[in-house]
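Single-letter residue listing:
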Amino acid sequence: MGVLLSLPATTFSKQVVSFGLCPKYNPRIMYQLYQPFVDYLSENTPYQFEIKLSRSYQETIDRFGKGEVLIASCGPVPYIKAKEKYGVKPILRALNKDGNPFYRGIIIVRKDSPIQRLSDLKGKSFAFGQILSTAGHIVPQYHLVKAGVHPGDLKHYSYLRHHDSVVQAVLKGQFDAGAVKDVVAYKYEQEGLRFISVTDPIPTVLITARSDAPKELVESVRVALLKLDPKDPAYQRMMASWDEEFKYGFTQVSDSDYDPIRKILRAMNLDRDMKGKIQD
């Protein structure tokens, strides 16, 4: 009892804040890649951040509405949906390894596949990411349709839970082709993948917060993340184990940065609340 009483008051003084994450990878990889990032925020702000991992992108959005998370990281489509429904506000957006605030989706096949172009996908099977995944579903489907390949033209298609699940399903021959974000495609390229299409630039994933999140919280996160300098060797070492999308720093963001994705959603005439069965 005496030991507990002698602990400094500051031990329990930090407010715990849940940091929401869309499940881009399986849970083990998510914690491996994002725990160091969350630890950095805890060490460089007055708050103690804890990962709140969801099973689906929609669940992350809903947690904003329920107040289960004040702050989260998600891609463009989940952000747009959360903005429409709950009025969340953007804080910062990530930079890629070239220092630019965009990434791309890539449609992959096995190296030995006879498929050479998007039009060859008619009558073939296709693995998308989650229904609300920007690079794993929305933008690649838009490019497929522009190439004259509609969902009904495919032999069959499924929505898989994670980007790495899509890669593995294609490599194992369970699907003829699939769509993933560029960092995942490059990671597995040497294991037997070939790229048949690369999308137009997609605005990067962002850090976003509930509209009623304390200004002090939002500002402390903004300051801590803008302080990151990927050209500084000390920061490079610290961020080496972070997810590829976060290890190159962050930049300012505006809601209008995501208007190109809104235009794609309107062009695709996708329902406001998109539904789709996710295959485990």
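Residues numbered from 1 in each chain as written. Predicted model: local features only at pLDDT ≥ 70, side-chain atom pairs only at ≥ 80, totals over all residues. Heavy atoms only, no water.

**With respect to the packing of aromatic side chains**
The relative placement of two aromatic rings is captured by the distance of their centres and the angle of their planes.
Then step 1. Enumeration over the complete set of coordinates arrives at 15 aromatic pairs.
Then step 2. A ring pair is formed by Phe37 and Phe246, whose centres lie 4.6 Å apart and whose planes are at 55 degrees; its orientation type is tilted. On the criterion of sequence distance, the pair formed by Phe37 in helix 2 (residues 27–44) and Phe246 in the loop between helix 9 (233–239) and strand 13 (250–251) is long-range, its members being 209 residues apart.
Then step 3. Taking relative accessible area as the criterion, Phe246 reaches 1% and is therefore assigned buried.
Then step 4. Three or more aromatic residues joined by ring pairs form one cluster here, namely Phe19, Tyr34, Phe37, Tyr40, Tyr47, Phe49, Trp242, Phe246 and Phe250.
Then step 5. Seen from the ring of Phe246, Lys24 lies directly overhead, with NZ or CZ sitting 5.9 Å from the centre. (Phe/Tyr/Trp six-rings, centres within 6.5 Å; stacked < 30°, edge-to-face > 60°. Helix = DSSP H or I, 4+ residues; strand = E, 2+ residues; numbered from the N terminus. Buried < 20%, exposed > 50% of the residue type's maximum accessible area, 1.4 Å probe, protein only. Lys NZ or Arg CZ within 6 Å of the ring centre and 35° of its normal.)

**With respect to the pairing of strand 8 (residues 156–160)**
Then step 1. Both strand 7 (residues 125–128) and strand 8 contribute to a ladder of 4 bridges, which runs parallel. Within the sheet, the bridge partner assigned to Ser125 lies in strand 8 and is His156.
Then step 2. Read from strand 7 through helix 5 (residues 134–146) to strand 8, the crossover connection turns out right-handed. (Pairing = 2+ DSSP bridges. Right-handed = clockwise from strand over helix to strand, strands pointing away.)

**Points about the packing of helix 5 against helix 10 (residues 259–268)**
Then step 1. Where helix 5 meets helix 10, the closest approach of the two axes is 10 Å, and the angle between their N-to-C directions is 55 degrees. As far as their axial angle goes, helix 10 and helix 5 are oblique. Handedness of the crossing formed by helix 5 with helix 10: left-handed. Every residue of helix 10 that contacts helix 5 at Thr134, Ile138, Val139, Gln141, Tyr142 and Val145 is listed here: Ile261, Ile264, Leu265, Ala267 and Met268.
Then step 2. In terms of residue class, the contact of helix 5 with helix 10 is made up of 9 nonpolar, 2 polar and no charged. (Axes fitted to C-alpha atoms, helices over the stretch in contact; angles between N-to-C directions. Parallel < 35°, antiparallel > 145°, perpendicular 65-115°, else oblique. Left-handed = near helix turned anticlockwise from the far one by under 90°. Contact = heavy atoms within 4.5 Å. Nonpolar A, V, L, I, M, F, W, Y, C, P; charged D, E, K, R; others polar.)

**Structural notes on the pattern of salt bridges**
Then step 1. Taken as a whole, this structure holds 13 salt bridges when the rule is applied.
Then step 2. Where Asp120 meets Arg117, a salt bridge forms, and the shortest distance between an N and an O atom there is 3.6 Å.
Then step 3. Accessibility expressed as a relative area gives 24% for Asp120, which makes it partly exposed.
Then step 4. Among the charged side chains, a network of salt bridges with common partners joins Lys24, Lys181, Asp243 and Glu245. (Salt bridge = Lys/Arg side-chain N within 4 Å of Asp/Glu carboxyl O.)

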